[in-house]
Amino acid sequence: WRSWAQNTSHSHRTWISPTPPRMRSRGEGARSTRRATGEPWRSPVLLSTLALLGPTASWASVPFAQTEPFKSCLQAAVDGLLPDDGTCARFIAPWTDTVTGTIPTEIGLIHTLQDVIFTSQELTGAVPESMWTLPRLRRLWLRDNSLTGSLPARVGSAAKLATLDLAGNDLGGSLPSELGGLRLLSQLDLSDNSFVGTLPPELVTLPALGRLYVHKNQLAGIVPPGIAEMATLTVCELTTGDPRTSTNMLGGVTEAIAAKCVVDTVSTPSPPPSPPPSPPPPPPPSPPPSPPPPSPPPPPPPSPPP
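Per chain, residues are indexed from 1 in the order of the written sequence. With the structure being a predicted model, the display of local features is reserved for residues of pLDDT at least 70 and the display and counting of side-chain atom pairs for 80 or more, all residues being used for whole-chain, interface and lining totals. Hydrogens and waters are ignored; side-chain quantities use all the structure's heavy atoms.

Caption draft 1: Region of interest: the overall build of the protein. Secondary structure elements follow DSSP: runs of H or I of four or more residues count as helices, runs of E of two or more count as strands, with numbering from the N terminus. Looking only at helices and strands, the protein features six helices and 15 strands. Note on classification: 1.4 Å probe, protein chains only; a residue is buried when its accessible area is under 20% of the maximum for its type, exposed when over 50%, partly exposed between these limits. When the 306 residues of the protein are sorted by exposure, 41% land in the buried category. We get accessible surface area from the Shrake-Rupley algorithm with a probe of 1.4 Å; when it comes to residues, only the shown protein chains can shield them. Total accessible area computed for the protein in this model is approximately 16,100 Å², and 61% of it derives from carbon and sulfur atoms.

Okay, structure coming up:
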């Protein structure tokens, strides 16, 4: 069972989910259920299947560093014997375990890695910068975890990345302009985090971008006007669409952008009017007039004749 789960692509396994991940409401579903109950979302069909497997099937918490095939592939990479037959090309969270802890920096040694899919787990810490140096990385799905940190400038080094899904974490900081270097990126989901700053204008230069989700962050500033001219962009959610719940405060929304994307401008309260200027103080009173100078004394009387 574990071998099948680890070697079957995510797209082929979504049939057991009553609601596909992309259709779940943001802020609800897997993430809220996991944080409220302490358990990741489990499919009823999957639970029924595991019940047929008997007492050997049970949920367990496993650190990322102890999962397979990561553990064996890392040892092969250290020994210089990393196979190139696809064995170490895909890391997917096992169905019967909850993956916890941080993603080891040593993941960057497994240069054959193409897909990393650990959604709705309990991963913590930052995405290691070595992840972005993997030369074959195509899909990175880490949504609905408890990851922290920010997106480094090195994200632009993942030249073959086609899908980047980090929604539903605790990431912050500003969005790096180096995102514009991901020329093969077709889906970018950074929603439900705490990113700040502005939308990088370099996003509008991505030739393959078809889906963009950045709502439920703390973004502000002007929406890049070129976003309305992106021919490949079919889904664009910049805000929740409801000014009462929007946390992104974006401006510069033209009619073309509003027709292309889910976006609303959140009006900030205008500052209170400044009080009228106080009248100038009255001039100081003029000093009293000085008294006239004293009159000179009268001349002495003439002296008598001798």
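Caption draft 2: Highlighting the nonpolar core. The definition of a nonpolar core used throughout is a set of buried Ala, Val, Leu, Ile, Met, Phe, Trp, Tyr and Cys residues joined through side-chain atoms within 4.5 Å. By size, the foremost hydrophobic cluster in this structure holds 58 residues, and its most contacted members are L142, I227 and L238. Among the elements that take part in this core, helix α5 (residues 70–78) stands out by supplying five residues, more than any other. When residues no more than four places from it in sequence are discounted, the contact partners of I227 are V204, L212, L233, C236, L238, I257, K260 and C261. We call two residues contacting when some pair of their heavy atoms lies within 4.5 Å.

Caption draft 3: View of the packing of aromatic side chains. The aromatic pairing rule takes the rings of Phe, Tyr and Trp, using the six-membered ring of Trp, and pairs them if the centres are within 6.5 Å, calling planes under 30 degrees apart stacked, those over 60 edge-to-face and the rest tilted. On inspection of all chains with the given rule, the structure shows three aromatic pairs. Between F64 and F70, the ring centres sit 5.3 Å apart and the planes meet at 65°, which makes this aromatic pair edge-to-face. Look at F64 and you get buried, because its relative accessible area is 0%. Taking the relative accessible area as the measure of exposure, F70 reaches 2% and is therefore buried. Judged by centre distance (5.9 Å) and plane angle (90°), the ring pair of F70 and F91 falls under edge-to-face.

Caption draft 4: Structural detail: the sheet that holds strand β9 (residues 172–174). Read from one edge of the open sheet, four strands run β9-β11-β13-β15, paired in parallel fashion. The outermost strands of the open sheet, each flanked by one partner alone, are β9 and β15 (249–251). Adjacent strand axes in the sheet meet at a mean angle of 20°, parallel and antiparallel pairs treated alike. Pairs of strands are assigned from DSSP output, requiring at least two bridges between the strands. Two strands pair when backbone bridges link them, and strand β11 (residues 194–197) and strand β13 (residues 218–222) are joined in this way by two bridges, in the parallel orientation. Residue pairing across strands places G197 opposite L219, the latter belonging to β13. Note on definitions: angles span 0 to 180 degrees between N-to-C directions of axes, and those axes are lines fitted to C-alpha atoms, for helices only across the stretch in contact.

Caption draft 5: How the structure looks around the confidence of the model for the protein. Averaged over the protein, the pLDDT score is 81; the fraction of residues at 70 or greater is 72%. Below a pLDDT of 50 lies the segment residues 1–42, which in the model reaches 90 contacts outside its immediate sequence neighbourhood of four places, other chains included. The score called pLDDT rates the predictor's confidence residue by residue, from a low of 0 to a high of 100. Within the model, the stretch residues 266–270 combines pLDDT values under 50 with five contacts to residues more than four positions away or in other chains.

Caption draft 6: Representation of the pattern of salt bridges within the structure. By definition here, a salt bridge exists when the distance from a side-chain nitrogen of Lys or Arg to a carboxyl oxygen of Asp or Glu is within 4 Å. Counting across every chain of the model gives nine salt bridges. D115 serves as the salt-bridge partner of R138, at 3.1 Å between the closest nitrogen and oxygen. Taken together, the positions of R138 in the loop between β5 (122–125) and β6 (139–141) and D115 in strand β4 (residues 115–117) put the pair 23 residues apart, joining distant regions of the chain. A relative accessible area of 1% places D115 in the buried class. Here R139 and D115 are joined by a salt bridge, their closest N and O atoms 3.2 Å apart. With a gap of 24 residues between them, R139 in strand β6 and D115 in strand β4 connect regions that are remote in the sequence.

Caption draft 7: Just the side chain of D115, in detail. In protein, a polar contact requires one atom able to donate a hydrogen and another able to accept it; more generally it is a pair of N or O atoms within 3.5 Å, and residues adjacent in sequence count only if both atoms are side-chain atoms. Within polar-contact distance, the side chain of D115 engages the side chain of R90 at 3.3 Å. Every residue in contact with D115, bar those within four places of it in the chain, is listed here: A89, R90, F91, R138 and R139.

Caption draft 8: Spotlight on the state of the cysteines. Counting rule for disulfides: a pair of cysteine sulfur atoms within 2.5 Å. One pass over the full model with this rule turns up two disulfides. Each disulfide pairs two cysteine sulfurs, and for C73 the partner residue is C88, the sulfurs being separated by 1.9 Å. For the disulfide bridge between C73 and C88, the dihedral angle about the S-S bond is near -90°, and by the sign convention the bridge is left-handed. Within this pair, whereas C73 is found in helix α5, its partner C88 is found in the loop between α5 and β2 (90–92), the two being separated by 15 residues in sequence. Per residue, the accessibility class of C73 equals that of C88, and both read buried. The side chain of C236 participates in a disulfide bridge whose partner is C261; the two sulfur atoms lie 2.2 Å from each other. The disulfide joining C236 to C261 has a torsion of about 85° about its S-S bond and is therefore right-handed. One end of the pair, C236, is in strand β14 (residues 235–237); the other, C261, is in the segment after α6 (255–260), with 25 residues separating them in the sequence.

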